[in-house]
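Secondary and tertiary structure notes
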Amino acid sequence: MLKWSMAMVSLAACQPAFEVGGKTSVDDFADAQVRALADAACVGDIAKVDEALAAGALPNARGLDSITPLFWAVMCEKEAGIRALMAHGADADQDAEGFFAITQAAAYRRPDALRALLAGGANPNPATPPAGHTPLQNALLASMHNGNRENLILLLEAGADVNAPTGGIDGTVVQDAVAFNRYDEAELLIDHGYVGGLSGLRISAQQSLDNPHINDSAKPRIRLFLQRLDRERVRCLRQRRLI
């Protein structure tokens, strides 16, 4: 199984090689032409991408663990390589043993890879493997850990489903955001079509407000979110003509 979190680029001896869990493209692509394509895309060398394709490399060829050159370029976070491959027919929705390039790209600090995939028509709502993350979940984590909210915005503008169940969790990314006390992100997600229950969100936020270990400086924001939920509840009731 590929160890995505350990991906890194090595330029030793001036030869581009992508490493995943200590392995290079030599380990993961047995076909020399496909390996050359993956390495060229990894460093964004468009001339060499074209050269590899002209030599017969297939843009949707699979390597070890079903990895593709496009997924390789995504893990290198190389926008030029991603766009070049997609321009030549690389399928952004082709999975690698249940993992999708867009889900990987959504977790990154920079939005370049994700933007390139979406521009090429990647599906923002791929199937989620058991106990796996959705693209929106990874984008939420990127916002939490890297301060990159742009991935969330890109996915939402592309039609990512805020109501989709998250892999292995009985909930949605909105509930995840509230559980992590990320109320700005939660409101952004609610604004993009959330139709799930509000009571669970309110209970979670209220528990955080009542938690003595939560810093007092964070509590005004929690109260604002609770007020937002109350307004949403009233709006929903009015739409149903219950009040």
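Residues numbered from 1 in each chain as written. Predicted model: local features only at pLDDT ≥ 70, side-chain atom pairs only at ≥ 80, totals over all residues. Heavy atoms only, no water.

1. A few points about the packing of helix α8 (residues 135-146) against helix α9 (residues 150-157)
Relative placement of two packed helices is described by the angle separating their axes and the distance separating the axes. Relative to each other, α8 and α9 sit at 155°, their axes nearing to 7 Å. With respect to each other, α8 and α9 are oriented roughly antiparallel. Of the residues in α9, those in contact with P135, L136, A139, L140, A142 and S143 of α8 are N151, L152, L155 and L156. (Axes fitted to C-alpha atoms, helices over the stretch in contact; angles between N-to-C directions. Helix = DSSP H or I, 4+ residues; strand = E, 2+ residues; numbered from the N terminus. Parallel < 35°, antiparallel > 145°, perpendicular 65-115°, else oblique. Contact = heavy atoms within 4.5 Å.)

2. Quick word on the confidence of the model for the protein
Of the residues in the protein, 87% have a pLDDT of 70 or more, and the chain-wide mean is 87. Taken as a whole, residues 1-16 scores under 50 in pLDDT and shows 35 contacts with residues more than four places along the chain or in a different chain. (pLDDT = per-residue confidence, 0-100.)

3. Regarding the side chain of N148
Its location among the elements puts N148 in the loop between α8 and α9. A polar contact is formed between the side chain of N148 and the backbone oxygen of Y108, at a distance of 3.2 Å. In this structure the side chain of N148 is engaged in a polar contact, spanning 2.9 Å, whose partner is the backbone nitrogen of E150. The contact partners of N148, leaving out residues within four places of it in the chain, are Y108, R109, R110, P111, A139, A142 and S143. (Polar contact = N/O pair within 3.5 Å; in protein donor to acceptor, adjacent residues only side chain to side chain.)

4. A few points about helix α13 (residues 219-239)
Taking 1.5 Å of rise per residue, the 21 residues of α13 would be expected to cover 30 Å, and the 30 Å separating its terminal C-alpha atoms lies within 8% of that figure. By the burial criterion, the buried members of α13 are K219, I222, F225, L226, R228, L229, E232 and L237. (Expected span 1.5 Å × (residues − 1). Buried < 20%, exposed > 50% of the residue type's maximum accessible area, 1.4 Å probe, protein only.)

5. A closer look at the packing of aromatic side chains
Following the criterion strictly, the structure yields two aromatic pairs and no others. For the ring pair F29 and W72, a centre distance of 4.9 Å and an interplane angle of 80° mean the geometry is edge-to-face. One end of the pair, F29, is in the loop between α1 (25-28) and α2 (32-42); the other, W72, is in helix α4 (residues 69-75), with 43 residues separating them in the sequence. In this structure, F29 and W72 share a single accessibility class: buried. When the ring of Y183 is compared with that of F225, the centres are 5.0 Å apart and the planes differ by 40°; the resulting orientation is tilted. On the criterion of sequence distance, the pair formed by Y183 in helix α11 (residues 183-190) and F225 in helix α13 is long-range, its members being 42 residues apart. Of the two residues examined, Y183 and F225, each falls in the buried class. (Phe/Tyr/Trp six-rings, centres within 6.5 Å; stacked < 30°, edge-to-face > 60°.)

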